[in-house]
Amino acid sequence: VQLQASGGGLVQAWGSLRLSCAASGRTLSSDVRGWFRQAPEKEREFVAAVRWSGGSTYYTDSVKGRFTISRDNTKNTVYLQMNSLKPEDTAVYYCAAAPRLILSMLRLPSSYDYWGQGTQVTVSS
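Residues numbered from 1 in each chain as written. Predicted model: local features only at pLDDT ≥ 70, side-chain atom pairs only at ≥ 80, totals over all residues. Heavy atoms only, no water.

Caption draft 1: Molecular detail of the sheet that holds strand β8 (residues 77–82). Pairing is antiparallel across the open sheet formed by 4 strands, whose spatial order is β1-β3-β8-β7. Where the open sheet ends on each side, the last strands, each with one partner, are β1 (2–6) and β7 (67–72). Between one strand axis and the next, the sheet turns by 15° as a mean value, whatever way the strands run. When β7 meets β8, the two strands line up antiparallel, connected through 6 bridges. (Pairing = 2+ DSSP bridges. Helix = DSSP H or I, 4+ residues; strand = E, 2+ residues; numbered from the N terminus. Axes fitted to C-alpha atoms, helices over the stretch in contact; angles between N-to-C directions.)

Caption draft 2: Main features of the environment of A96. Within the element layout of this structure, A96 appears in strand β9 (residues 91–98). Distance from A96 to F36, taken between C-alpha atoms, is 7.6 Å for residues 60 residues apart in sequence. If we ignore the near neighbours within four places in the chain, the residues touching A96 are L3, V32, R33, G34, F36, Y112, Y114 and W115. (Contact = heavy atoms within 4.5 Å.)

Caption draft 3: Broad picture of the pattern of salt bridges. Counted by the stated rule, this structure contains 5 salt bridges. Here R37 makes a salt bridge to E45, at a shortest N to O gap of 2.6 Å. On the basis of relative accessible area, R37 is assigned to the buried category, the value being 5%. Between D89 and R66 there is a salt bridge, with the nearest N and O atoms lying 2.8 Å from each other. With D89 in the loop between β8 and β9 and R66 in the loop between β6 (57–59) and β7, the pair connects residues that are 23 residues apart, well separated along the chain. On the basis of relative accessibility, which here comes to 10%, the residue R66 falls in the buried class. The structure contains a network of salt bridges with shared partners spanning R37, E45, R66 and D89. (Salt bridge = Lys/Arg side-chain N within 4 Å of Asp/Glu carboxyl O. Buried < 20%, exposed > 50% of the residue type's maximum accessible area, 1.4 Å probe, protein only.)

Caption draft 4: Up close: the packing of aromatic side chains. All chains considered together, the criterion is met by 5 aromatic pairs. Ring geometry for Y94 versus W115: centroids 6.4 Å apart, planes at 80°, classification edge-to-face. A residue pair is termed long-range when its members are at least 10 positions apart, and Y94 in strand β9 and W115 in strand β10 (residues 114–115) qualify at 21 residues. Overall, the relative accessible area of 28% leaves W115 in the partly exposed class. Of the aromatic side chains, those joined through ring pairs into one cluster are F36, F46, Y94, Y112 and W115. (Phe/Tyr/Trp six-rings, centres within 6.5 Å; stacked < 30°, edge-to-face > 60°.)

Written out as structure tokens, the structure reads:
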């Protein structure tokens with residue numbers, strides 16, 4: 001599975017961005033698609049995930065109500081719509097894919113087998 005992330009950029013606080021993650025290859029083995037982020041000198045953290053089968057979504061508390069993860073089956077692409085961005089959202093954002101995961105494993109980076117290259121999101125105050 002190959003993942004290609006795009007859509008990052010520089011935006012002012014309270015602005016919006018939409019990230020995209022296009023998948024190719026043997027994607028049938030990857031039921032969970034997630035977004036993680038990593039700020040300088042911080043560990044990679046879970047942001048959001050969606051189950052390809054069924055469409056259930058999951059978010060970290062700090063982005064609930066502001067970010068929306070969605071999928072387009074026809075394009076094999078996952079999106080992360082980010083609204084009301086804050087300076088603390090500044091990070092490199094990574095998309096990832098994993099086989100079926102139980103809920104307790106879904107937020108762990110180590111559970112994901114495939115990663116995109118990352119896209120920088122910078123939010124200015």
